[in-house]
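Residue-level structure breakdown
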Amino acid sequence: MSTAIKHPNVGEFDELLGGDRPVLVDFWAEWCMPCRMLAPVIEQLGERYAGRIAVAKVNVDEQPELAARYHIQSIPTVILFDKGQPVHTEIGLRPLDAYTRKIDALLG
C-alpha cells in the first residue's frame with residue numbers, strides 16, 4: 001500500500017479538503033470487485049501526482065457519514081476536489097487516463 005494514499009476519518013477528511021492542494025478521493029468498499037480493480041490505478045495516481053495533489057481512499061463501510069455527505073450511491077466513485085469543492089466525479093471502473101486528463105486540466 002502506497003504511503004502517498006491517505007485513509008482519512010471524517011475529521012482528517014475535512015482537514016485534507018481544507019489544505020492547499022486539490023484532492024482526489026476514491027469512495028470504495030472491500031467487498032466491491034470493481035473497487036479492488038481500481039485500486040492499482042489510484043495507487044498510480046498517488047505516485048504520479050505526489051506533492052501536487054492529495055489522494056485519499058474512503059471506505060464507505062467504515063466512513064458512512066462521508067459517503068452520505070457526498071451522496072455516494074454507487075462504488076467506486078472518485079471525486080476530484082479543488083478548494084474543498086467537488087469539481088469532477090467519475091462513477092464506476094475507469095482507466096487511468098480518465099483521471100489524468102481531469103487532474104492535468106485542473107493543475108494547468
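Residues numbered from 1 in each chain as written. Predicted model: local features only at pLDDT ≥ 70, side-chain atom pairs only at ≥ 80, totals over all residues. Heavy atoms only, no water.

Looking now at the state of the cysteines. All chains considered together, the criterion is met by 1 disulfide. Between the sulfur atoms of C32 and its disulfide partner C35 the distance amounts to 2.4 Å. Because the torsion about its S-S bond is 80°, the bridge between C32 and C35 counts as right-handed. (Disulfide = S-S within 2.5 Å.)

Below, the discussion takes up the sheet that holds strand β4 (residues 77-82). A sheet is described by the order of its strands in space; here 5 strands give the open sequence β1-β3-β2-β4-β5, paired in mixed fashion. In this open sheet, the two strands that pair with only one neighbour each are β1 (5-6) and β5 (85-91). Across 6 bridges, strand β2 (residues 23-28) lies against strand β3 (residues 54-59) in parallel orientation. Across the sheet, residue V25 finds its bridge partner in β3, namely A56. The sheet contacts of helix α1 (residues 10-17) involve β1, β2, β3 and β4, and relative to β2 the element is tilted by about 150°. In the packing of helix α4 (residues 96-107) onto the sheet, the strands contacted are β2, β4 and β5, and the crossing angle to β4 comes to about 5°. (Pairing = 2+ DSSP bridges. Helix = DSSP H or I, 4+ residues; strand = E, 2+ residues; numbered from the N terminus. Contact = heavy atoms within 4.5 Å. Axes fitted to C-alpha atoms, helices over the stretch in contact; angles between N-to-C directions.)

Where nonpolar side chains cluster on the molecular surface, the patch consists of M33, M37 and L93 and spans about 300 Å² of accessible area. Secondary-structure assignment places M33 in helix α2 (residues 33-48). (Patch = residues over 30% accessible without salt bridge, like charges linked within 9 Å, V, L, I, M, F, W, Y side chains within 5 Å. Areas by Shrake-Rupley, 256 points an atom, 1.4 Å probe, with all protein chains shown as cover. Salt bridge = Lys/Arg side-chain N within 4 Å of Asp/Glu carboxyl O.)

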